[in-house]
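Inside the fold
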Amino acid sequence: MLRFFLADLHIHTCLSPCAELEMLPELIIGRAQALGLQLIAITDHNSAENVAAVANAARGTGVTVLAGMEVQTREEVHMLVLFDTLEQVASWQEQVYASLPPLRNDEAVFGEQLLLNADGEPAGYLDRLLVTSIALSVEEVVQGVNALNGLCIPAHVDRPVYSIISNLGFIPPELDVVGVEISHNVGPLQARERFPQLKHYGLLGSSDAHRLHDMGGRTTLKMAEATVAELSLALAGRDSREVWVDGISSAPLSPLPGGRGAGGEG
Ligand SMILES: [Zn+2]
Ligand SMILES: [Zn+2]
């Protein structure tokens, strides 16, 4: 049976140096409940160390937490990567840490990177610099995440910096992604007007919240359960799954010539 999920799939915690200290597990889940969200994703910059704390805080609340990360690729492109389990995201994090330059975070410049243990208690500050590019390319990130049965979603594609369109000029048609995220600066119709290529992709509208107040519920998904596989079907508009952003149907309008996208091979 298909159900509706109100979702915000791009939320930072206090581990992201640019996020407010209030981005703590119980407060994030409380805000999600107040907004009526059933599905969120925790996506800190190049790290997933605080995901377990938020997942634990969500137990019994009816809010599902996808285990995610916002990766910054070699090309300075931000990509959301989403997984169902902590084990999957931990495997991915190993690859990311192995390709992060060994630099120390300068708290005075970038801010503090507060680590939480699984119970949500402060467990020190992460020393290594997270807000920088890893050595993997966009293509390598997509391949690596797909190999772990995760889902890659180019982030805030309409933004003039750190986006796949601004940095590469376009979304490489052969790139194995079904959906992209638009920022709060545009609606789905406006985004497809500005970037006609987006008609080939399902759209997600997420908050990219660095403060509790910024969290939101722009995206509605119709799917069987709150999993990455179902999310992928919804973004492709397949098998009666659907996605809306700001109440506007945002599944792909036409398949890519290569065959992916609406009605394609997946
Ligand atoms: Zn970003
Ligand atoms: Zn972000």
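Just above, that's the structure.
The rules behind each value
Residues numbered from 1 in each chain as written. Chains lettered and ligands numbered in written order. Predicted model: local features only at pLDDT ≥ 70, side-chain atom pairs only at ≥ 80, totals over all residues. Heavy atoms only, no water. Helix = DSSP H or I, 4+ residues; strand = E, 2+ residues; numbered from the N terminus. Rg over C-alpha atoms; globule rule 2.2 N^0.38 Å. Buried < 20%, exposed > 50% of the residue type's maximum accessible area, 1.4 Å probe, protein only. Contact = heavy atoms within 4.5 Å. Areas by Shrake-Rupley, 256 points an atom, 1.4 Å probe, with all protein chains shown as cover. Lys, Arg positive; Asp, Glu negative; His and termini not counted. Charge placed at Lys NZ, Arg CZ, Asp CG, Glu CD. Axes fitted to C-alpha atoms, helices over the stretch in contact; angles between N-to-C directions. Parallel < 35°, antiparallel > 145°, perpendicular 65-115°, else oblique. Left-handed = near helix turned anticlockwise from the far one by under 90°. Nonpolar A, V, L, I, M, F, W, Y, C, P; charged D, E, K, R; others polar. Donors = N, O, S within 2.8 Å, 3.2 Å for Na, K, Ca; no water. Tetrahedral: all angles 85-135°; square planar, octahedral: opposite > 155°, others 65-115°.

**Description of the overall build of the protein**
Regarding its fold elements, the protein presents 8 helices and 12 strands. Compactness check: the protein gives a C-alpha radius of gyration of 17 Å against a globular reference of 18 Å for 266 residues, within 12% of the reference. Seen through its principal axes, the protein has C-alpha atoms that stretch 50 × 40 × 30 Å. Taken over 266 residues, the protein has a buried fraction of 55%. Of the contacts formed within the protein by residues at least 6 apart in sequence, a portion of 71% connects residues at least 24 apart. When the accessible surface of the protein is summed, it comes to about 10,800 Å², and 52% of that surface belongs to carbon and sulfur atoms. Each charge class in the protein can be summarised by its mean position, and for the 16 positive and 33 negative side chains these summaries are 7 Å apart.

**Things to note about the packing of helix α1 (residues 25-35) against helix α2 (residues 51-58)**
Contact geometry for α1 and α2: axes closest at 8 Å, N-to-C directions at 50°. What the angle tells us is that α1 and α2 run oblique. Crossing angle aside, the handedness with which α1 passes α2 is right-handed. Contacts from P25, E26 and I29 in α1 reach A53, V54, A57 and A58 in α2. Classifying every residue of the contact of α1 with α2 by side-chain character gives 6 nonpolar, no polar and 1 charged.

**Concerning the coordination of the zinc ion (ligand 2)**
Each protein donor to the zinc ion (ligand 2) is listed here as H10 (NE2), H12 (NE2), E70 (OE) and D208 (OD); together their distances run 2.1 Å. Viewed at the metal, the 4 donor atoms of the zinc ion (ligand 2) are separated by angles of 81 to 176°, and the geometry they form is irregular. Sequence spacing of the donors to the zinc ion (ligand 2): H-x1-H-x57-E-x137-D. For the pair the zinc ion (ligand 2) and the zinc ion (ligand 1), the metal-to-metal distance amounts to 3.6 Å, and E70 bridges them. Accessibility expressed as a relative area gives 0% for H10, which makes it buried.

Any functional reading would require information that these geometric values do not contain.
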